[in-house]
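An overview of the molecular structure
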Amino acid sequence: KTSSYTLAVGDVGKYVQVGSGGAITIPNGVFSEGDVISIFNNTTGSRTITCSITTAYIAGVNTDKSSMTLLTRGVATILFISSTLCVVSGSVS
């Protein structure tokens, strides 16, 4: 994706590749418990993941995030605990 992209149910079990100028939004109320999506940043710069979902955590951190930074050539995996809660692990801050 080379522009803003909102994750969709069709992305479950797949990966989304973010290119130059791309940004990802995690929507609220769309995914189900156990759904997983991976994101790959195929650029030389960081990309933003916007968390429109009610609650989003970085794995191992107890702070709700409204956005995260996906590092260059990094991979982030999003695990949905419910339609309003997800945990993101990988190359994010």
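Our structure's up above, just so we're on the same page.
Residues numbered from 1 in each chain as written. Predicted model: local features only at pLDDT ≥ 70, side-chain atom pairs only at ≥ 80, totals over all residues. Heavy atoms only, no water.

1. A few points about the pairing of strand S4 (residues 36-41)
When strand S2 (residues 15-18) meets S4, the two strands line up parallel, connected through 4 bridges. Each residue of the ladder has a partner; that of Val18, found in S4, is Asn41. (Pairing = 2+ DSSP bridges. Helix = DSSP H or I, 4+ residues; strand = E, 2+ residues; numbered from the N terminus.)

2. Re the sheet that holds strand S8 (residues 75-82)
Strand pairing in a sheet relies on backbone hydrogen bonds, with the paired strands running either antiparallel or parallel. Read across the sheet, 5 strands follow the order S2-S4-S8-S9-S6 without closing on themselves; strand pairing throughout is mixed. Of all strands in the sheet, those with a lone pairing partner are S2 and strand S6 (55-58), marking the two edges. Taken over all neighbouring pairs, the strand axes of this sheet differ in orientation by 20 degrees on average, direction set aside. Summarising the sheet, S6 and strand S9 (residues 85-90) pair through 4 bridges and their orientation is parallel. (Axes fitted to C-alpha atoms, helices over the stretch in contact; angles between N-to-C directions.)

3. As for the sheet that holds strand S7 (residues 67-70)
Overall, mixed pairing links the 4 strands, which are arranged S1-S3-S5-S7 in an open sheet. Single-partner strands in this sheet number two, and they are strand S1 (4-6) and S7. If you compare each strand with its neighbour and ignore which way they point, the axes differ by 20 degrees on average. As paired elements, S1 and strand S3 (residues 23-26) share 3 bridges and run parallel to each other. Each residue of the ladder has a partner; that of Thr6, found in S3, is Thr25.

4. A closer look at the nonpolar core
Judged by nonpolar contacts, the single largest core of 22 residues is most densely connected at Leu7, Ile26 and Ile49. The dominant element in this core, judged by the number of residues it contributes, is S8, at 3 residues. Among all residues touching Ile26, those that are not within four sequence positions of it are Leu7, Ile49, Thr50, Cys51, Ser52, Ile53, Ile78, Phe80, Cys86 and Val88. (Core = buried A, V, L, I, M, F, W, Y, C linked by side-chain atoms within 4.5 Å. Buried < 20%, exposed > 50% of the residue type's maximum accessible area, 1.4 Å probe, protein only. Contact = heavy atoms within 4.5 Å.)

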